[in-house]
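# Breakdown of the fold
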Amino acid sequence: MTAPTAQDAYATTDRTVPTRARERASYDREVVHAILDAGCVCHLGFIRDGAPVVLPTLYGRVGESLYVHGSTGSRPLRSAAERPDDGEPGLAVCLTVTHVDGLVLARSAFHHSINYRSVVVHGTARPVLDAEERAAALDALVDHVLPGRAADSRRANAKELAATAVLRLDLAEVSAKIRTGGPSDDAEDLALPYWSGVLPVTSGYGTPVPADDLAPGTPVPDYLTRH
């Protein structure tokens, strides 16, 4: 495999190089983007009143930026709008996305593991104030969860936009980490009478369930039937 060029890979930093299993780390942009695009829920970590807080939330990616949104009254959104000593509004965050692909069952409890794909992003989340960028970010949030839905729903009106804050986190300090394959049993455990292997973990979509007040005969959109 050809190593990614500097243009194709994110630069490493002290925060993006893992202390364990460094061979599982990747800084390749396509790998990072693929992991982010395959998910829709992230965990957003920040410091509030001197203590760590981690919140699950939806996100959307547009190029080299991630967007999250919330009520203008929520603590992280208010904190991001404040101006610290340097005069630049923003909130220091750590955003993570993880997919579990399999349960790795070894003969020993110590060597049990999971197969996974994850991305960790460090940086400063900044409020999006430009109207066009806010509109594009909100469309991206909807389409990230279900591509095609943004154009098939009413866009936010002025009142809703006034109550919604959007944050942008640029993809600069980023790393992916991936585990694949089977268990790593110790040689002396291979003869033990315990099952060893991988239990795959998958996710999927069920049949769309219409709202109780949906007009009879309303067709199911193509972007739903494709799922």
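Preceding this paragraph is the structure being described.
In what follows, the accompanying structure is described. (Residues numbered from 1 in each chain as written. Predicted model: local features only at pLDDT ≥ 70, side-chain atom pairs only at ≥ 80, totals over all residues. Heavy atoms only, no water.)

### Digging into helix α1 (residues 29-37)
In an α-helix, one turn spans 3.6 residues; hence positions three or four apart end up facing the same way. Considered for burial, the residues of α1 that qualify are Val32, His33, Ile35 and Leu36. End-on view of α1: buried residues confined to an arc of 165 degrees, all on one side of the axis. The opening residue of α1 is Asp28, an N-cap whose side-chain oxygen sits 2.9 Å from the backbone nitrogen of Glu30. (Buried < 20%, exposed > 50% of the residue type's maximum accessible area, 1.4 Å probe, protein only. Helix = DSSP H or I, 4+ residues; strand = E, 2+ residues; numbered from the N terminus. Arc of directions from axis to C-beta. Polar contact = N/O pair within 3.5 Å; in protein donor to acceptor, adjacent residues only side chain to side chain.)

### Some points on empty space enclosed by the protein
Under the criterion given, the structure shown has 1 cavity of 30 Å³ or more. Its boundaries defined by the atoms lining it, the largest cavity holds a volume of some 40 Å³. Sorting the residues of the lining of the largest cavity by element identifies β5 (65-71), β6 (91-105) and β8 (164-170) as the ones contributing at least two each. Classifying every residue of the lining of the largest cavity gives 9 nonpolar, no polar and 1 charged. (1 Å grid on protein atoms, 1.4 Å probe; cavity = no way out; pocket = protein on both sides within 12 Å on 5 of 7 lines; lining within 4 Å. Points joined across faces, edges and corners; volume = space filled by probe spheres on them. Nonpolar A, V, L, I, M, F, W, Y, C, P; charged D, E, K, R; others polar.)

### Regarding the nonpolar core
Core analysis: the largest hydrophobic core is formed by 28 residues, its most contacted members being Leu36, Leu95, Val119 and Val121. Those elements that place two or more of their residues in this core are α1, β2 (41-48), β5, α2 (75-81), β6, β7 (113-127), β8 and β9 (173-179). Among the elements that line this core, the one with the most residues is β6, at 4 residues. In this structure, Leu95 is in contact with Cys42, His43, Leu44, Leu66, Val68, Val119, Val120, Val121 and Leu169, ignoring residues within four places of it in sequence. Core analysis: the next-biggest nonpolar cluster, separate from the first, contains 6 residues, Val128, Leu138, Leu141 and Val166 among them. (Core = buried A, V, L, I, M, F, W, Y, C linked by side-chain atoms within 4.5 Å. Contact = heavy atoms within 4.5 Å.)

### Quick look at the packing of aromatic side chains
Applying the stated rule across the entire model yields 0 aromatic pairs. The ring of Tyr10 is capped by Arg29, whose NZ or CZ atom sits 4.3 Å from the centre of that ring. (Phe/Tyr/Trp six-rings, centres within 6.5 Å; stacked < 30°, edge-to-face > 60°. Lys NZ or Arg CZ within 6 Å of the ring centre and 35° of its normal.)

### Structural notes on the pairing of strand β3 (residues 51-58)
Along any regular strand the residues' side chains alternate between the sheet's two faces. Of the pairings in the sheet, the one linking β2 to β3 comprises 8 bridges and is antiparallel in character. Looking at β3, one finds that Leu44 is bridged to Leu55. Count of turn residues in the β2/β3 antiparallel hairpin: 2 residues, of which Asp49 carries a positive phi of about 55 degrees. (Pairing = 2+ DSSP bridges.)

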